[in-house]
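Listed below, chain by chain, are the residues.
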Amino acid sequence: MAASCPTLLRLTIRYGWQAWVCVLVTLHFLATAAEAKSCDRTTCHELAAACFGPSCGSGALGANILHNEGSIAVNYQPPLAYFLDELPADFDPATVPSGGTDVAVARVRALDSPVWLGNRDEAGAHRSRDKRFVRMRVLEVRSGNASVGKIYEVYFGDWGREMIYPLTPDQLARDYVVVMYSDPTDGKRRLVGFPVNSAQHREWLDKRSEYWRSQYRK
């Protein structure tokens, strides 16, 4: 416990500035210990390496991460990309969430930046089951039920996963391949996410940070 004011005054009179140095060192030690204890309680971990592609085993990952857009994930899994240059060669349409209908593989372009849906209700729970929402125009239908030229409103983003999505002007100017489906639980169209490796995620984070800094300088 920190010394009382009268005690500090007597120490200052007797020992001068040395007493204050001792007190400051003690307070710093106590603060550091408290921070370490708090970190233990909330389970602080470093980002683990992610894996992508058919060579990755199901047990390739297992760690925790402090999210940039949410809370701590208890069981870490690799980040997801919803807008791809091309689908993985081993993509299986049967992996679409159970019950999903009107599954379509299409080449699209986002019409604006994805909207953040992270608001919470009075109890502190997320109001939306999805992280983001975006409008996109279908440019080509590779398979499934979709219409060329039509604008679709789609939702994506799992609260337990980091993700990659178009954000910067150059990213939004590109075309992407997506897998979308209609969710019978609420009638919304959602995108299927695909795991990305740690290098891809770091590159996206760097570009996001650079873009945000450029906005602050304006």
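Refer to the structure printed above.
Residues numbered from 1 in each chain as written. Predicted model: local features only at pLDDT ≥ 70, side-chain atom pairs only at ≥ 80, totals over all residues. Heavy atoms only, no water.

Quick look at the environment of lysine 131
In this fold, lysine 131 is placed in the loop between strand 5 (115-116) and strand 6 (132-144). Each C-alpha atom, one on lysine 131 and one on leucine 117, is 5.2 Å from the other, the two residues being 14 residues apart in sequence. (Helix = DSSP H or I, 4+ residues; strand = E, 2+ residues; numbered from the N terminus.)

Let's talk about the pairing of strand 4 (residues 101-110)
Summarising the sheet, strand 4 and strand 9 (residues 176-182) pair through 6 bridges and their orientation is antiparallel. When the sheet's bridge partners are listed, alanine 106 is paired in strand 9 with valine 178. Two strands pair when backbone bridges link them, and strand 4 and strand 6 are joined in this way by 7 bridges, in the antiparallel orientation. Looking at strand 6, one finds that valine 105 is bridged to serine 143. (Pairing = 2+ DSSP bridges.)

Examining the pairing of strand 7 (residues 151-156)
Bridge count for strand 6 against strand 7 is 6 bridges, and the pairing is antiparallel. From the neighbouring strand, phenylalanine 133 faces strand 7, where its bridge partner is tyrosine 155. In this antiparallel pair of consecutive strands, strand 6 and strand 7, the connection spans 6 residues, and glycine 149 shows a positive phi of 90°. The pairing of strand 7 with strand 10 (residues 189-191) spans 2 bridges and is parallel. Within strand 10, the residue paired with valine 154 across the bridge is arginine 189.

Re the pattern of salt bridges
As enumerated under the stated definition, the model contains 12 salt bridges in all. The partner of arginine 129 in a salt bridge is aspartate 183, with the nearest N and O atoms 3.1 Å apart. Residue arginine 129 is located in the loop between strand 5 and strand 6, and its partner aspartate 183 is located in the loop between strand 9 and strand 10; the two are separated by 54 residues in the primary sequence. Accessibility expressed as a relative area gives 46% for arginine 129, which makes it partly exposed. One salt bridge in this structure joins arginine 190 and aspartate 186, with 2.8 Å as the shortest N-O distance. Look at the salt bridges and you will find they share partners, linking Glu86, Arg107, Arg109, Glu140, Arg142 and Asp175 into a network. (Salt bridge = Lys/Arg side-chain N within 4 Å of Asp/Glu carboxyl O. Buried < 20%, exposed > 50% of the residue type's maximum accessible area, 1.4 Å probe, protein only.)

Regarding the side chain of glutamine 171
Within the element layout of this structure, glutamine 171 appears in helix 3 (residues 169-172). For glutamine 171, a relative accessible area of 9% corresponds to the buried category. Residues in contact with glutamine 171, not counting those within four places in the same chain, are Tyr165, Pro166, Tyr176, Trp204 and Lys207. (Contact = heavy atoms within 4.5 Å.)

Things to note about the sheet that holds strand 11 (residues 194-195)
Across a sheet, paired strands are connected by hydrogen bonds in the backbone, their directions being either parallel or antiparallel. The mixed open sheet is built from 3 strands, whose spatial order is 8-3-11. Here the strands that pair on one side only, and so sit at the sheet edges, are strand 8 (163-164) and strand 11. Here strand 3 (residues 80-81) runs beside strand 8; their pairing, made up of 2 bridges, is parallel. Looking across to strand 8, one finds that leucine 80 is bridged to methionine 163.

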